[in-house]
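# Structural overview for review
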Amino acid sequence: LAFSTTLGHLQSTVDKISYSIDTHFRLLTQQYDSLSRDLSDFKASTDAVLSSVESWNLKLQKKIKKLDMRATSLERALRATRVSHRLVHEQKVALSNLTHDLHEHRNHAASVKAHQAEVRDGMRSLQSALVKQQIQLNQLEDRMKSLVQPSGLHSRSFSQNPLQGMQHVTKPQPKPSKKGRMQKRLPSPRQTVFQTESHSQSKEVATEDTELPVRHKIPQLPLPQRAATICNVNSMLLFPSTSTENYATFRKGFTTSLHEISICTWLRVDVGYMGTLLSYATADSDNKLVLYGRNISSAGSVDFVIGDPVYRELPIDNILDNRWHHMCIIWSSIEGQYWQYTDRRITSTGSRFQKGYEIPPGGTLILGQEQDSVGGDFDEAEAFVGRVAGFAIWTRVLSPGEVSWIATGKGLPRGTVITLDDVDQVKGSVKRISCGCLEHCT
């Protein structure tokens, strides 16, 4: 009986558990179905959102492209505006130069007119002097004719002359020098006497040519010297030979970092190559700024160094003729652009040359040598030989009009930071010569 009761109780418990399991299974199945539906809905909504995001992404890319195109067009317009502003500025400078040239031409025309008046006055005085001289010559001829009388000639006695027949006597004259022949021509007076004697009678025939009049020597007026035109150099440095002792130092350097620089100078190279014109060295590097040249076979270029080892080659074969030439070298770190002007013409240009770089302050600047250490360790083969006049440095980019202004002797643009007036010492055989105008720098 107890067993039956226990079995019935277990059976009841099993039924309850089975029912409970079935119930839970159904619930789980329902939950699974619900989750599956939710997941499907979420997937569908997610796909829709992704599709919307993709469409928005495409639209955004199109808008970005349009914005890029607009930015590019704006940048081009800005560049064109800058170029137009620069052209306007250059035109203003050119107009100012033309006005200055016109004023100079007017002054020159006035001086020419004044010289013409002086020449006319001189010609008039010369004509009056010639008239007076001609009067004196006529008086001299009359006097000589009065002195030469036929009776005087017949009164001479030739009886003691042993020569018979005809005798030709000529008065000797000294031979004039070359200088005398070039200054004045004096015909030598000739006096000829022909004498004839016979046993029956003696007959004398005497002829005398009067002396030709002396030509009046026209005074030579001094020719007006050609006026000097390049009068903005102030002084010149002469580097006579290749020597490590020949260089010049400055009493000041760069006080701030440089993002732009313009170097202009007149050069006269006395040898078949161009040595190192200048070098700027600091404690960190000895090649922060160098115009490097060397006595080598390929002497038709120099290296423009900014922050060793980056450099650009600049052509100089057209200035190696022992004549004066004007050269400007300009650099800007904004786009790494550089320009080389030779006698107002661009001979070299480029970009991406040390873009964003800055030349540090506090270094040592030397003319005529390349520094392998601050202020020293020179090489004789790198020394500059020639003449430097009107050297100047600006910490900005000069315009083409300003370069032309310098090269034509109109003056120096504003903002020079270093010139030859700032030279502290000249070493070795270097000579400093004061000459306000380039034509006087010899």
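Conventions used here
- Residues numbered from 1 in each chain as written.
- Predicted model: local features only at pLDDT ≥ 70, side-chain atom pairs only at ≥ 80, totals over all residues.
- Heavy atoms only, no water.
- Phe/Tyr/Trp six-rings, centres within 6.5 Å; stacked < 30°, edge-to-face > 60°.
- Helix = DSSP H or I, 4+ residues; strand = E, 2+ residues; numbered from the N terminus.
- Buried < 20%, exposed > 50% of the residue type's maximum accessible area, 1.4 Å probe, protein only.
- Core = buried A, V, L, I, M, F, W, Y, C linked by side-chain atoms within 4.5 Å.
- Contact = heavy atoms within 4.5 Å.
- Salt bridge = Lys/Arg side-chain N within 4 Å of Asp/Glu carboxyl O.
- Pairing = 2+ DSSP bridges.
- Disulfide = S-S within 2.5 Å.

Any two aromatic rings considered together are summarised by their centre-to-centre distance and by the angle between their planes. The tally for this structure, following the rule as stated, stands at 6 aromatic pairs. On the basis of an interplanar angle of 65° and a centroid distance of 5.0 Å, the ring pair of Tyr247 and Phe378 is categorised as edge-to-face. You can see Tyr247 sitting in strand β4 (residues 247-250) and its partner Phe378 sitting in the loop between β13 (364-367) and β14 (386-394), a full 131 residues away along the chain. Residue Tyr247 shares its accessibility class with Phe378, and that shared class is buried. When the ring of Tyr338 is compared with that of Phe353, the centres are 5.6 Å apart and the planes differ by 80°; the resulting orientation is edge-to-face. In this pair, Tyr338 is assigned in strand β11 (residues 337-342) and Phe353 in the loop between β12 (345-350) and β13, connecting sequence segments 15 residues apart. Phe353 shares its class with Tyr338; the two are buried.

A few words on the nonpolar core. Side chains of nonpolar character tend, in soluble globular proteins, to be buried together. Counting residues in hydrophobic clusters, the biggest one holds 38 residues, and the most contacted among them are Met274, Leu289, Phe304, Trp331, Leu367 and Phe391. Apart from the residues within four sequence positions on either side, Phe304 is in contact with Leu289, Val290, Leu291, Val310, Tyr311, Arg312, Leu314, Ile329, Trp331, Tyr338 and Phe353.

Taken as a whole and assessed by the stated rule, the structure comprises 6 salt bridges. The salt bridge involving Lys252 is made with Asp422; its shortest N-O contact spans 3.9 Å. Here Lys252, found in the loop between β4 and β5 (260-269), pairs with Asp422, found in the loop between β15 (416-419) and β16 (423-427); they are 170 residues apart in sequence, far enough to count as distant. Given a relative accessible area of 40%, Lys252 falls into the partly exposed group. Glu335 is the partner of Lys355 in a salt bridge, and the nearest nitrogen-oxygen pair spans 3.6 Å. Here the residue Lys355 occupies a position in the loop between β12 and β13, and Glu335 occupies one in the loop between β10 (325-332) and β11, the gap between them amounting to 20 residues.

What follows deals with the pairing of β10. Burial of β10 is extensive: 8 of the 8 residues sit out of reach of the surface. Taking every second residue as pointing to the same face, both faces of β10 are buried, with His325, Met327, Ile329 and Trp331 on one and His326, Cys328, Ile330 and Ser332 on the other. The pairing of β5 with β10 spans 8 bridges and is classified as antiparallel. Note that in β10 the partner of Thr265 across the bridge is Met327. With 6 bridges connecting them, β10 and β11 associate as antiparallel partners. Looking across to β11, one finds that Met327 is bridged to Thr342.

What follows concerns the state of the cysteines. Counted under the stated rule, the structure contains 3 disulfides. A disulfide bridge connects Cys264 with Cys328, and the sulfur atoms are separated by 1.9 Å. Judged by the sign of its S-S torsion, about 120°, the bond between Cys264 and Cys328 is right-handed. Remark: Cys328 occurs in strand β10 and Cys264 occurs in strand β5; sequence separation between them is 64 residues. By relative accessible area, Cys264 is classed as buried at 1%. Here Cys435 connects covalently by a disulfide to Cys441, the sulfurs 1.9 Å from one another. Of note, the bridge from Cys435 to Cys441 carries an S-S torsion of about 95° and is right-handed in sense. The pair Cys435 / Cys441 is uniform in exposure class, with both members buried.

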